[in-house]
Amino acid sequence: MDEAFLDLESVAVELDEELLDAIDDKAFADHRDNRDAAVRDLLDEWLKQRAAEDADESI
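Since we're looking at a predicted model, the values are computed, not measured.

### As for the side chain of Lys 26
Step number 1: On the secondary structure map, Lys 26 appears in helix 1 (residues 17–30).
Step number 2: Excluding residues within four positions of it along the chain, Lys 26 makes contact with His 31, Ala 38, Asp 41, Leu 42 and Glu 45.

### Examining the pattern of salt bridges
Step number 1: Enumeration according to the criterion identifies five salt bridges in this entry.
Step number 2: Where Asp 24 meets Arg 35, a salt bridge forms, and the shortest distance between an N and an O atom there is 2.7 Å. Here Asp 24 is found in helix 1, whereas its partner Arg 35 is found in helix 2 (residues 35–57), with eleven residues between them in sequence.
Step number 3: The exposure class of Asp 24 is partly exposed, given its relative accessible area of 31%.

### Quick word on helix 2
Step number 1: The terminal C-alpha atoms of helix 2 lie 33 Å apart, and with 23 residues this matches the ideal 33 Å at 1.5 Å per residue to within 8%.
Step number 2: The backbone nitrogen of Asp 36 has a side-chain oxygen 3.1 Å away, supplied by the residue at the start of helix 2, namely Asn 34.

### Looking at unusual backbone geometry
Glycine aside, the phi torsion of most residues is negative, and most peptide linkages are trans.
Step number 1: Backbone geometry at Arg 32 places phi at a positive 50 degrees, although glycine is not the residue there.
Step number 2: For Arg 32, a relative accessible area of 83% translates into the label exposed.

### Remarks on a nonpolar patch on the surface
Step number 1: A surface patch of nonpolar side chains, amounting to about 470 Å² of accessible area, comprises Leu 8, Val 11, Val 13, Leu 15 and Leu 19.
Step number 2: Judged by relative accessible area, Leu 15 falls into the partly exposed class, the value being 35%.

### Quick notes on the packing of helix 1 against helix 2
Step number 1: Taken N-terminus to C-terminus, the directions of helix 1 and helix 2 make an angle of 110 degrees; their axes are 8 Å apart at the nearest point. Comparing their axes, helix 2 and helix 1 come out roughly perpendicular. When the axes of helix 1 and helix 2 are compared, the crossing they make is right-handed. Facing helix 1, whose interface residues are Ile 23, Asp 24, Lys 26 and Ala 27, helix 2 presents Arg 35, Ala 38, Val 39, Asp 41, Leu 42 and Glu 45.
Step number 2: Of the residues in the contact of helix 1 with helix 2, the class split is five nonpolar, no polar and five charged.

What counts and how
Residues numbered from 1 in each chain as written. Predicted model: local features only at pLDDT ≥ 70, side-chain atom pairs only at ≥ 80, totals over all residues. Heavy atoms only, no water. Helix = DSSP H or I, 4+ residues; strand = E, 2+ residues; numbered from the N terminus. Contact = heavy atoms within 4.5 Å. Salt bridge = Lys/Arg side-chain N within 4 Å of Asp/Glu carboxyl O. Buried < 20%, exposed > 50% of the residue type's maximum accessible area, 1.4 Å probe, protein only. Expected span 1.5 Å × (residues − 1). Polar contact = N/O pair within 3.5 Å; in protein donor to acceptor, adjacent residues only side chain to side chain. Patch = residues over 30% accessible without salt bridge, like charges linked within 9 Å, V, L, I, M, F, W, Y side chains within 5 Å. Areas by Shrake-Rupley, 256 points an atom, 1.4 Å probe, with all protein chains shown as cover. Axes fitted to C-alpha atoms, helices over the stretch in contact; angles between N-to-C directions. Parallel < 35°, antiparallel > 145°, perpendicular 65-115°, else oblique. Left-handed = near helix turned anticlockwise from the far one by under 90°. Nonpolar A, V, L, I, M, F, W, Y, C, P; charged D, E, K, R; others polar.

What follows is the structure, given as structure tokens:
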């Protein structure tokens, strides 16, 4: 991983309609309709899943 990107304060991503619906569903169900919190939560889940997959591959 290129560590030069770790100092970024913001990142822009493009999301499809299906993912936006999933974010809105999670925001409503788990975060009192707070979309930012839902995005952070989903990103955290994705990073943990990716780390677990990387660990499995190194075995």
